[in-house]
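What follows is the residue order along each chain.
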Amino acid sequence: MTDDPMMNALPGSTKQKAGNQLDEQIHLTAVDEFLAWGKENSLFYLLFATACCGIELMQAGGPRYDLDRLGMIPRATPRQSDLMIIAGTITHKMAERVRLIYQQMTEPRWVVSMGSCANSGGPFSKWSYSVLNGIDKYIPVDIYIPGCPPRPEALIDGVYALRERVRRYRTLGVRETVPHIVASADAAFGCHFGKGGSKQPEEPKA
Amino acid sequence: MSALSFAELCERVHARWPAVEAKRSDNGQPFLLVPATELVALVQWLRSDRELRFDALSDLTGYDLMKYPATPPSDAIAVVYVLFSYVQKHKLMLRVLAPRAACVVPSVSFLWPAALYFEREVWDLLGVHFDGHPTLLRIMTPQDWVGHPLRKDYIYPSEYHGVPHLREGQHFEHVPQREGDAVKAAPTAPAAPAKGAPPA
Ligand code: SF4
């Protein structure tokens, strides 16, 4: 027994009525949902950036935008990462190395393509002999984020879109095919996030 | 001991190497045009002479003269050496022209090891073969890349290891491509959507 209100607010605290104890401590859920919940809230991402978009990625990981609050921690090895954010220009030479790193990640693994370069070659698409026009030719991409570079808000918007995808991922049950999502273009210009860029457009009900 | 001006450097070089020409580039940069056959002996002397002492190779690069409004018109590849002396504090630029057909220039890497990487770069991007370089491998592009990208007549790749270079409906603008590579989706009408396309 303690007088600290914080301690007493914890579920299962001794101050609570005996009748409630079991309810507070036991939660019933499906295994799949529980696993998805865990994955969604611990999307460790690979420390990997190839060009200027990487600067925005670092911003998003810094204290101002703070990806950590979403449970996203950078990992220095693909073996420990769930998510690969392709932040920057990918040349043909680099693309083969990107694929190698992707193959080293453990399943389930997700890929976010950040910025015009990774989406489609961006400013290099029509004139460069060496830049790959879109990393999706080498590895499957879950979320595309437009922008050159996308602001950290846009990246976070993309992460929310990805979280929705992760939430629908089923480890044991039947996997539904989740369509690829393009994160909100509004957020690329940096005023808000979560306004619905991460939502699938709903069919109007008849 | 003091830094020598370009005119003074020229004078000393000319006294020993009459075949070397003093020139000025379009933007007024003075340089010495050296025949490839005399390059090695000349740089050895430039490096070891007590009054010159060019102990550093600041830069080694190159460019393609093709389609360049030079007089007389030429399609050679030029290799540029920028030398600097930490002892005497003077610098000198040399240029060597390598004909396109037999693009060979002697390596200077035995004098300045810094040239090892520079020469690999010039080989990779311009296709100049440096005779005497111990490991003349590509340095920027993958080893199995076809062609030398900074040559003006470089042919753009259509794919690399089976992955097509362009997206569907996309096409290169104003660049040469390999026979039959003109992407099928390229518009034939001159009224191609010019949106966002840089001016020709
Ligand atoms: S999309 Fe723009 S900002 Fe991002 S890597 Fe490419 S050029 Fe840089």
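Refer to the structure above for everything that follows.
A short tour of the structure in this document, coming up. (Residues numbered from 1 in each chain as written. Chains lettered and ligands numbered in written order. Predicted model: local features only at pLDDT ≥ 70, side-chain atom pairs only at ≥ 80, totals over all residues. Heavy atoms only, no water.)

**A closer look at the sheet that holds strand β4 (residues 77–84) of chain B**
Residue and element names in this part refer to chain B.
Here is step 1 of the chain: The strand order β1-β2-β5-β4-β3 describes an open sheet built from five strands, whose pairing is mixed. A single partner strand is all that each edge strand has here, and the edge strands are β1 (21–24) and β3 (56–64). Put simply, the sheet's adjacent strands are angled 30° from each other on average, direction ignored.
Here is step 2 of the chain: Two elements, β3 and β4, share eight bridges in a ladder whose sense is antiparallel. Of the residues in β4, the one forming a bridge with L60 is Y81.
Here is step 3 of the chain: In this fold helix α1 (residues 6–16) packs onto β1, β2 (30–33) and β5 (91–98), with an angle of close to 10° to the strand it touches most, β2.
Here is step 4 of the chain: The sheet strands contacting helix α2 (residues 39–48) are β4 and β5, and the helix crosses β5 at an angle near 170°. (Pairing = 2+ DSSP bridges. Helix = DSSP H or I, 4+ residues; strand = E, 2+ residues; numbered from the N terminus. Axes fitted to C-alpha atoms, helices over the stretch in contact; angles between N-to-C directions. Contact = heavy atoms within 4.5 Å.)

**What to know about the packing of helix α3 (residues 31–40) of chain A against helix α7 (residues 152–167) of chain A**
Residue and element names in this part refer to chain A.
Here is step 1 of the chain: Running from amino to carboxyl end, α3 crosses α7 at an angle of 160°, the nearest separation of the two axes being 8 Å. Judged on the interaxial angle alone, α7 and α3 are roughly antiparallel. The handedness of the crossing between α3 and α7 is right-handed. Residues A36, K39 and E40 of α3 pack against R163, V166 and R167 of α7.
Here is step 2 of the chain: Considered class by class, the residues forming the contact of α3 with α7 number two nonpolar, no polar and four charged. (Parallel < 35°, antiparallel > 145°, perpendicular 65-115°, else oblique. Left-handed = near helix turned anticlockwise from the far one by under 90°. Nonpolar A, V, L, I, M, F, W, Y, C, P; charged D, E, K, R; others polar.)

**Side note on the site of the ligand**
Here is step 1 of the chain: Taken together, A51(A), C52(A), C53(A), G88(A), T89(A), G115(A), S116(A), C117(A), P123(A), G147(A), C148(A) and P149(A) are the residues near the ligand.
Here is step 2 of the chain: When residues of the shell around the ligand are assigned to their parent elements, the largest contribution, three residues, is made by helix α6 (residues 115–120) of chain A. (Near = heavy atom within 4 Å.)

**Section: the pairing of β2(B)**
Residues and elements named next belong to chain B.
Here is step 1 of the chain: With four bridges joining them, β1 and β2 adopt antiparallel strand pairing. Of the residues in β2, the one forming a bridge with A22 is L32.
Here is step 2 of the chain: With antiparallel pairing between neighbouring strands as the criterion, β1 and β2 make up a hairpin whose turn holds five residues, including G28 at a positive phi of roughly 90°.
Here is step 3 of the chain: For β2 and β5, the ladder comprises two bridges, and the chain directions are parallel. From the neighbouring strand, L32 faces β5, where its bridge partner is L94.

**Thoughts on the environment of Q44(B)**
All names here are of chain B.
Here is step 1 of the chain: Turning to its location among the elements, Q44 is positioned in helix α2.
Here is step 2 of the chain: Q44 sits in the partly exposed class, given a relative accessible area of 36%.
Here is step 3 of the chain: Between the C-alpha atoms of Q44 and L116, which are 72 residues apart in sequence, the distance is 16 Å.
Here is step 4 of the chain: Residues contacting Q44, with those up to four places away along its chain left out, are F110 and L111. (Buried < 20%, exposed > 50% of the residue type's maximum accessible area, 1.4 Å probe, protein only.)

**Details of the interface of chain A and chain B**
Here is step 1 of the chain: Counting from both sides, the interface comprises 18 residues of chain A and, opposite them, 23 residues of chain B.
Here is step 2 of the chain: Summing both partners gives a buried area of about 1,800 Å² for chain A against chain B, and 55% of it is carried by carbon and sulfur.
Here is step 3 of the chain: Joining chain A to chain B, the criterion identifies zero salt bridges.
Here is step 4 of the chain: Linking chain A to chain B there are seven residue pairs in polar contact (both at pLDDT 80 or more).
Here is step 5 of the chain: Where the side of chain A that touches chain B is concerned, the elements lending two or more residues are α5 (92–104) and α6 of chain A.
Here is step 6 of the chain: Broken down by element, the side of chain A that touches chain B gets its largest block of residues, three residues, from α5(A).
Here is step 7 of the chain: Split into classes, the residues belonging to the side of chain A that touches chain B amount to five nonpolar, eight polar and five charged. (Buried area = accessible area lost by both parts, 1.4 Å probe. Salt bridge = Lys/Arg side-chain N within 4 Å of Asp/Glu carboxyl O. Polar contact = N/O pair within 3.5 Å; in protein donor to acceptor, adjacent residues only side chain to side chain.)

**So, the pattern of salt bridges**
All names here are of chain A.
Here is step 1 of the chain: Taken as a whole and judged by the stated rule, the model has nine salt bridges over all chains.
Here is step 2 of the chain: The closest approach of N and O atoms between E107 and R109, which form a salt bridge, is 3.8 Å.
Here is step 3 of the chain: E107 gets classed as exposed once you look at its relative accessible area, which sits at 60%.
Here is step 4 of the chain: What emerges from the salt-bridge pattern is a single network uniting E40, R163 and R167.

**Looking at the side chain of R163(A)**
Residue and element names in this part refer to chain A.
Here is step 1 of the chain: Tracing the chain through its elements places R163 in helix α7.
Here is step 2 of the chain: For R163, a relative accessible area of 10% puts it in the buried group.
Here is step 3 of the chain: Not counting residues within four places of it along the chain, the set of residues in contact with R163 comprises E40, N41, L43 and L70.

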